[in-house]
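Each chain, letter by letter, is given below.
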Amino acid sequence: MKLVFSKSDLNKAVGIVMKAVPTRTTMNILECILIDATTNVIKFTGNDMELGIETIVEGEIIEKGKVAIDAKLFSEIVRKLPDSEITITTDANYTSLITCEKSKFNIAGKSGDDFSYLPIIEKDKMITISQFNLREIINQTIFSTAPNDNNKMMTGELFEVSDNILKVVGLDGHRIAIRNFNLEGRADDVKVVVPGKTLQEISKILSTDAENMVNVYFTNNHILFEFDNTTVVSRLIEGEYFKINQMLSSDYGTKVVINKKEFIDSIDRANLLIKEGEKKPIIINITDGSLEVNVNSAIGTLNEDIDIEKEGKDLMIGFNPKFLLDALRVIDDETVDIYLVNPKAPCFIRDKEQSYIYLILPVNFTA
């Protein structure tokens, strides 16, 4: 096999498929990137058996072939080579010679036949959405999933399509993030749970251009994303997702309209007095025309007033500041509407159309 690439094309392709290469595995072949140039295109593949990514790479095929190369080493070599033409030549023993200007690397490879290709997915149910919008929806909800949890459902996100509306939900037991998005074009009804890891990796390689689309296909066991020259396949999380509607309420005793940036800045300042790992809440005191942010820690105290529009009764309530910041930072609106019931009940941050809903549980505090 003999292939020629530009540094930028090669580097981009390696960066994409590396996201599906496991950091630790008992199967050495999965620590590799598969380079397949047996047809008229060059394909790179990474696959950890839960998440698989394949991308077509711009390059010249001088001699066809395929090889599996250690992903971490190959990635580092490509990244540190000069910005010039890179040639990869593989011999009968799968040893790969990587040359660029005056640099020559000889590294051991493995037979590409031993590599696990991506599963063939039946393209049945699907939706089409812009890469920009999918990326935004993931980033506006993924922080509410649990990174590691005994309940696997909390490590994934619900993708539910009904009547051309995509609902994406993440929760971790302390908060819920929901995005509702109106789809255009084909949108088959589905209800699946997608691993959070898959969505985090997808969001890193999706385009920020609103014109570029992604086709998303669903089966009972897999989700498939197709965009640009890249294919991503992931297993789904099996089981029934939580009954979200039972957790949502439109009742409230207090409604606050507040400038988002002023609220974020105030919470950020309060955070200066909370040590990392210290479970110290910020206390919010809502009265007519004013929301007071308070923190009282071993380091010091802060009291800060923010002008608000208030409807309903006065209220004092405590929150984990991180949970408030995570939600506020992904909202695009200049002002946000916050709905509260009492100091023990969750608060809701949502817009009038309910395109986004953030539920945050309060924490106990001593006034």
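In this report, the structure presented in the accompanying data block is examined.

Here is what the cut-offs are and how they apply
- Residues numbered from 1 in each chain as written.
- Predicted model: local features only at pLDDT ≥ 70, side-chain atom pairs only at ≥ 80, totals over all residues.
- Heavy atoms only, no water.
- Core = buried A, V, L, I, M, F, W, Y, C linked by side-chain atoms within 4.5 Å.
- Buried < 20%, exposed > 50% of the residue type's maximum accessible area, 1.4 Å probe, protein only.
- Helix = DSSP H or I, 4+ residues; strand = E, 2+ residues; numbered from the N terminus.
- Arc of directions from axis to C-beta.
- Polar contact = N/O pair within 3.5 Å; in protein donor to acceptor, adjacent residues only side chain to side chain.
- Pairing = 2+ DSSP bridges.
- Axes fitted to C-alpha atoms, helices over the stretch in contact; angles between N-to-C directions.
- Contact = heavy atoms within 4.5 Å.
- Parallel < 35°, antiparallel > 145°, perpendicular 65-115°, else oblique.
- Left-handed = near helix turned anticlockwise from the far one by under 90°.
- Nonpolar A, V, L, I, M, F, W, Y, C, P; charged D, E, K, R; others polar.

For soluble globular proteins, the rule of thumb is that nonpolar side chains tend to be buried together. Formed by 58 residues in total, the largest nonpolar core has its most connected members in Ile-35, Phe-44, Phe-74 and Phe-225. At five residues, helix H1 (residues 7-17) tops the list of elements feeding residues into this core. Within the second largest apolar cluster, 37 residues are counted, among which are Ile-264, Val-293, Ile-306 and Ile-349.

Residues of helix H2 (residues 71-80) that are buried include every one of Ala-71, Phe-74, Ser-75, Ile-77 and Val-78, and no others. All buried residues of H2 project into a common sector of 165° when viewed along the axis, lining one side. Residues of H2 that are exposed and point over 90 degrees away from its buried face: Lys-72 and Lys-80. Measuring from the side-chain oxygen of the N-cap residue of H2 to the backbone nitrogen of Lys-72 gives 3.4 Å; that N-cap residue is Asp-70.

Read across the sheet, 12 strands follow the order E15-E12-E13-E14-E26-E25-E24-E19-E22-E21-E20-E23 without closing on themselves; strand pairing throughout is antiparallel. The open sheet is flanked by strand E15 (190-195) and strand E23 (315-319), the only strands paired with a single partner. Strand after strand, the sheet turns through a mean of 25° between neighbouring axes, direction not considered. Both strand E12 (residues 156-162) and strand E13 (residues 165-171) contribute to a ladder of five bridges, which runs antiparallel. Among the inter-strand pairings, Phe-159 is bridged to a residue of E13, identified as Val-168. Contacts from helix H4 (residues 196-205) reach E12 and E15, with the element oriented near 80° to E15. Sitting on the sheet, helix H5 (residues 260-271) is in contact with strand E19 (254-259), strand E20 (282-287), strand E21 (290-296), strand E22 (301-312) and strand E24 (335-340), with an inclination near 150° to E22.

One open sheet accounts for five strands, arranged E5-E1-E7-E8-E9; its pairing is antiparallel. Taken across any chain shown, the strands that pair with only one partner, and hence form the sheet edges, are strand E5 (60-63) and strand E9 (103-107). With direction set aside, neighbouring strand axes in the sheet form an average angle of 20°. Here strand E7 (residues 85-90) runs beside strand E8 (residues 96-100); their pairing, made up of four bridges, is antiparallel. Across the sheet, the residue bridging to Ile-88 is Ile-98, located in E8. Along the sheet, H2 contacts E7, E8 and E9; its crossing angle with E9, the most-contacted strand, is approximately 175°.

So, on to helix H3 (residues 131-139). Among all positions in H3, only Gln-131, Leu-134, Ile-137 and Ile-138 are buried. Considered in projection along H3, the buried side chains sweep an arc of 130° and stay on one side of the axis.

In contact at an axis separation of 9 Å, H3 and H4 are set at 135° when each is read in the N-to-C sense. Of the possible angle classes, the one that applies to H3 and H4 is oblique. Considering only the axes of H3 and H4, their crossing is left-handed. For the pair H3 and H4, contact is made by Arg-135, Ile-138 and Asn-139 and by Leu-199, Ile-202 and Ser-203, respectively. Per-class residue counts for the contact of H3 with H4 are three nonpolar, two polar and one charged.

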